[in-house]
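Observations on the model geometry
These are the residues of each chain, in order.
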Amino acid sequence: MKKLLLITTGGTIASAKGEEGLEPELTSSQLLDFLPPQSDISIDCIDLMKIDSSNMQPEEWQVIAREIARHVDEVDGIVLTHGTDTMAYTASSLSFMLRNLPIPVVLTGSQLPLSHPLSDGYDNIRCAIAMAASDSCGVFVAFNRKIILGSRSVKVRTMGFDAFESVNCEPVGCVDARGLTIHRELLPKRTGDFKLEADLCSEVILIKLTPGFNPDFFDLLVSMRYKGIVIEAFGAGGLHFIRRDLIAKLQLLVDHGISVVVCSQCLYERSDFSIYQTGQKVLKQGVIQGFDMTSEAAVTKLMWALGKTLDPQVVKAIFEVNYVGEVSL
Ligand SMILES: NC(=O)C[C@H](N)C(=O)O
């Protein structure tokens, strides 16, 4: 008999209509009441939070990580119900904070509340339970019959049930007529004992460039004492330097000891700043390349790295390691 733990945090899956629209309402045992009883799996429950995931922030990620760490030795797997809007950020941050996880931690949610007769939550939670009982180690998102590595998950639809994609990496699993198939070669490799590394620096910002972006904006970020900046640059990797010189400003950021990660605003495929002049100039400023990481993974990895050290050289070295399948180096 597999022993699982269901931790609830809110989101649409647990929501009901309130005076101001949908708000999280259902408890864990009410969620479980919607599911058929399982003879070979026992599920304990913890009602940890009742929030829309728009309210989920680094402090909440830490609370979740600590709760998971408390129970890791007691159960075979954990299902975490969560709002979809920021689920990819939570999944990525947990992937880094829960080092060498010995069990599956599977995030899921829904686009329609579980109490709605057409809810997608019913399938999602059943797939999450199957994945949590599968002896695969790591953090995953189970959605629309796909199992996605937490650090590769991105929310791509506001309404459709196929709301998550596995970006720059195949889904690690799927559910079809064969049941749950897991591609074990895609699972993150454990390199040591489990360890909770939950220190995070929340002074990290993500910036999407637009043509004509005013370089003086970076002065503002220095004065606001940001410690880390992720820049979504253009295409394979470039920033403008004629008329408005963004590249000169990168030097200012680096001189202030700010760690800067550059990646692409294209969702798919890798950035490589060594291809174009507009990219090579960027690399000369000592910034870190994000390669094929999602922005969610880049932001949370930077928060995690800066939670360990403010030394930009050490942060850079952390980005040269693929910890949980978040980057192809
Ligand atoms: N589908 C959802 O769960 C959306 C909701 N606003 C949330 O992220 O909590």
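Reading the values: rules and limits
Residues numbered from 1 in each chain as written. Predicted model: local features only at pLDDT ≥ 70, side-chain atom pairs only at ≥ 80, totals over all residues. Heavy atoms only, no water. Helix = DSSP H or I, 4+ residues; strand = E, 2+ residues; numbered from the N terminus. Rg over C-alpha atoms; globule rule 2.2 N^0.38 Å. Buried < 20%, exposed > 50% of the residue type's maximum accessible area, 1.4 Å probe, protein only. Areas by Shrake-Rupley, 256 points an atom, 1.4 Å probe, with all protein chains shown as cover. Lys, Arg positive; Asp, Glu negative; His and termini not counted. Charge placed at Lys NZ, Arg CZ, Asp CG, Glu CD. Near = heavy atom within 4 Å. Polar contact = N/O pair within 3.5 Å; in protein donor to acceptor, adjacent residues only side chain to side chain. Axes fitted to C-alpha atoms, helices over the stretch in contact; angles between N-to-C directions. Parallel < 35°, antiparallel > 145°, perpendicular 65-115°, else oblique. Left-handed = near helix turned anticlockwise from the far one by under 90°. Contact = heavy atoms within 4.5 Å. Nonpolar A, V, L, I, M, F, W, Y, C, P; charged D, E, K, R; others polar. Arc of directions from axis to C-beta. UniProt positions renumbered as here; feature names shortened; annotations may be inferred. Pairing = 2+ DSSP bridges.

Here we take up the overall build of the protein chain. Secondary structure assignment for the protein chain yields nine helices and 18 strands. In terms of C-alpha radius of gyration, the protein chain reaches 20 Å, essentially the compact-globule figure of 20 Å for 329 residues. Dimensions of the protein chain, computed from C-alpha atoms along their principal axes, come out at roughly 65 × 50 × 35 Å. Residue burial in the protein chain is summarised as follows: out of 329 residues, 53% are buried. When the accessible surface of the protein chain is split by element, carbon and sulfur atoms take 50% of a total near 14400 Å². Each charge class in the protein chain can be summarised by its mean position, and for the 30 positive and 40 negative side chains these summaries are 6 Å apart.

Taken together, Gly11, Thr12, Asp52, Ser53, Gly83, Thr84, Asp85, Ser110 and Gln111 make up the full set of residues near the ligand. The separation between a nitrogen atom of the ligand and a polar side-chain atom of Thr84 is 2.7 Å. In the environment of the ligand, a nitrogen atom lies 2.8 Å from a nitrogen or oxygen atom belonging to the side chain of Asp85. For the ligand, whose unbound accessible area comes to 270 Å², protein coverage reaches 90%.

In the contact formed by helix α2 (residues 58-71) and helix α3 (residues 87-97), the axes pass within 10 Å of each other and the chain directions differ by 50°. In this view, α2 runs oblique relative to α3, as classed from their interaxial angle. Taken as a pair, α2 and α3 cross one another with a handedness that is right-handed. Of the residues in α3, those touching α2 at Trp61, Gln62, Ile64, Ala65 and Ile68 are Tyr89, Thr90, Ser93, Leu94 and Met97. Residue composition of the contact of α2 with α3, by class: seven nonpolar, three polar and no charged.

What follows deals with helix α6 (residues 246-255). Within the span of α6, buried status applies to Leu246, Ile247, Lys249, Leu250 and Leu253. The arc that holds every buried residue of α6, seen down its axis, measures 150°, which confines them to one face. Within two residues after α6, Gly257 carries a phi angle of roughly 75°, on the positive side.

What follows covers the UniProt feature "domain: Asparaginase/glutaminase C-terminal" (unreviewed entry) in the protein chain. When the UniProt feature table is mapped to this numbering, "domain: Asparaginase/glutaminase C-terminal" (unreviewed entry) covers residues 204-319. Span residues 204-319 is 40% helix and 16% strand, its end C-alpha atoms 15 Å apart.

Right, let's talk about unusual backbone geometry for a bit. Of note in this structure, Asn100 is not a glycine but carries a positive phi near 55°. Secondary-structure assignment places Asn100 in the loop between β6 (98-99) and β7 (104-108). At Asn168, a residue that is not glycine, the phi angle is positive and equals roughly 65°. Turning to its location among the elements, Asn168 is positioned in the loop between β11 (164-166) and β12 (173-176). With relative accessibility at 24%, the residue Asn168 sits in the partly exposed group.

On to the packing of helix α8 (residues 295-308) against helix α9 (residues 312-319), then. Where α8 meets α9, the axes come as close as 10 Å, and the angle between the chain directions of the two elements is 135°. As judged from the angle between their axes, α8 and α9 are oblique. Both α8 and α9 take part in a crossing whose hand is right-handed. In this structure, α8 contributes Ala298, Lys301, Leu302, Trp304, Ala305, Leu306 and Lys308 to the contact, and α9 contributes Val315, Ile318 and Phe319. For the contact of α8 with α9, the per-class residue count stands at eight nonpolar, no polar and two charged.

Attention shifts here to the sheet that holds strand β9 (residues 146-149). Read from one edge of the open sheet, eight strands run β4-β1-β5-β7-β8-β9-β12-β13, paired in mixed fashion. For this open sheet the edge positions go to β4 (41-51) and β13 (179-182), each flanked by a neighbour on one side alone. When the angles between neighbouring strand axes are averaged without regard to direction, this sheet yields 20°. This element, α3, spans β5 (77-81), β7 and β8 (138-143) of the sheet and lies at about 160° to β8.

Time to look at the environment of Ser15. Examined against the element boundaries, Ser15 turns out to sit in strand β2 (residues 15-18). Judged by its relative accessible area of 4%, Ser15 falls in the buried class. Along the backbone, Ser15 and Lys195 are 180 residues apart, and their C-alpha atoms lie at a distance of 33 Å. In contact with Ser15, other than residues within four places in its own chain, are Leu22, Glu23, Pro24, Glu25, Pro113 and Ser115. A distance of 3.5 Å separates a polar side-chain atom of Ser15 from the backbone oxygen of Glu23.

Another aspect to go through is the sheet that holds strand β18 (residues 288-289). Within a sheet, neighbouring strands are paired by backbone hydrogen bonds and run either parallel or antiparallel to one another. The strand order β15-β16-β17-β18 describes an open sheet built from four strands, whose pairing is parallel. The open sheet has two edge strands, β15 (204-208) and β18, and neither has a second partner. With six bridges joining them, strand β16 (residues 228-233) and strand β17 (residues 259-264) adopt parallel strand pairing. Bridged to Ile229 within β17 is Val260.

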